[in-house]
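As a plain string of letters, each chain reads:
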Amino acid sequence: MSEKNNFVSLHSPKLSVNVLTLSAILLALDVVFYKLAFGPAYIDFNLGFISTALMGYFLGPWLTAGLEMASDIIGTLLGGGTFAFPFLITAFLGGMVYGMFLHKSHPKVWSIILLNFLILFPISLVIDTWLIHVTYHVAWGLLFWSRLGRNTIDFVIQTVLLVLVLQAIERTGLRKRFESRLRNQFER
């Protein structure tokens, strides 16, 4: 089950009771963290990146991508907002990137910097901003520059917080215990 320290992972664990239970817990945490936001919807600050990173760390790219899409749908429906299908694209891409960079690896500062760059600039700034512009008819220039400022600040904050959270989890050996349970479950 465990692999060498790869730069990126394209694998998610097999579905089992343990994986589904952890997925449900992290999905609920993700919905809550994304709802705990302040600021206008197109430049809000929230802690959703932490739950998404934990999904990627434990569950890999495919499960994380699917869970992020589910989180987007559930969060929109619970929040009373209008669901817009195109935003599932960035939810999927974000989940994939987190899973690819964090699953089956011991995240280093430089990989977290690269991960956050990919999430916050090409996916969030370019694709998400374009989707907001097209879907809600918000002026592109105003939206782009305000989100560029927000994403630049987020880049610093998220990088520091993710390094601290992921290093703490690495020190506890939580993923090794989770993978050990999965291995034991499939060996029975």
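Above this note sits the structure.
Residues numbered from 1 in each chain as written. Predicted model: local features only at pLDDT ≥ 70, side-chain atom pairs only at ≥ 80, totals over all residues. Heavy atoms only, no water.

Draft legend 1. Examining the overall build of the protein chain more closely. Helix and strand counts for the protein chain stand at 6 helices and 0 strands. Scanning the protein chain from its N terminus toward the C terminus, one meets helices and strands in the order α-α-α-α-α-α. With the model as given, the accessible surface of the protein chain reaches about 9,900 Å², and the carbon-plus-sulfur share is 72%. Positive and negative side-chain charges in the protein chain, numbering 14 and 10 respectively, have mean positions lying 10 Å apart. (Helix = DSSP H or I, 4+ residues; strand = E, 2+ residues; numbered from the N terminus. Areas by Shrake-Rupley, 256 points an atom, 1.4 Å probe, with all protein chains shown as cover. Lys, Arg positive; Asp, Glu negative; His and termini not counted. Charge placed at Lys NZ, Arg CZ, Asp CG, Glu CD.)

Draft legend 2. Highlighting the pattern of salt bridges. Applying the stated rule across the entire model yields 4 salt bridges. When the shortest N-O distance is used, the salt bridge between E179 and K104 registers 3.2 Å. Taken together, the residues span a long stretch of sequence, with E179 in helix α6 (residues 174-187) and K104 in the loop between α3 (87-102) and α4 (109-136) at a distance of 75 residues. Exposure remark for E179: the relative accessible area of 9% places this residue in the buried category. Of the residues examined, K104 reaches a relative accessible area of 9% and is grouped as buried. The shortest N-O distance in the salt bridge between D128 and R147 comes to 3.7 Å. (Salt bridge = Lys/Arg side-chain N within 4 Å of Asp/Glu carboxyl O. Buried < 20%, exposed > 50% of the residue type's maximum accessible area, 1.4 Å probe, protein only.)

Draft legend 3. Representation of the side chain of T129 in the model. Relative to the helices and strands, T129 is located in helix α4. On the accessibility criterion, T129 (0% relative accessible area) is buried. Dropping the residues within four chain positions of it, T129 is found in contact with S124, W140, L143, F144 and R147. (Contact = heavy atoms within 4.5 Å.)

Draft legend 4. Region of interest: the nonpolar core. Within the largest apolar cluster, 30 residues are counted, with the highest numbers of intra-cluster contacts made by F58, L59, Y98, L102, L115 and L162. Residue assignment for this core shows that the elements contributing at least two residues are α1 (17-35), α2 (48-79), α3, α4, α5 (140-172) and α6. Broken down by element, this core gets its largest block of residues, 10 residues, from α2. (Core = buried A, V, L, I, M, F, W, Y, C linked by side-chain atoms within 4.5 Å.)

Draft legend 5. Just unusual backbone geometry, in detail. The phi angle at K104 is positive, at roughly 60°, despite the residue not being glycine. Even without being glycine, H137 reaches a positive phi, approximately 60°. Its location among the elements puts H137 in the loop between α4 and α5.

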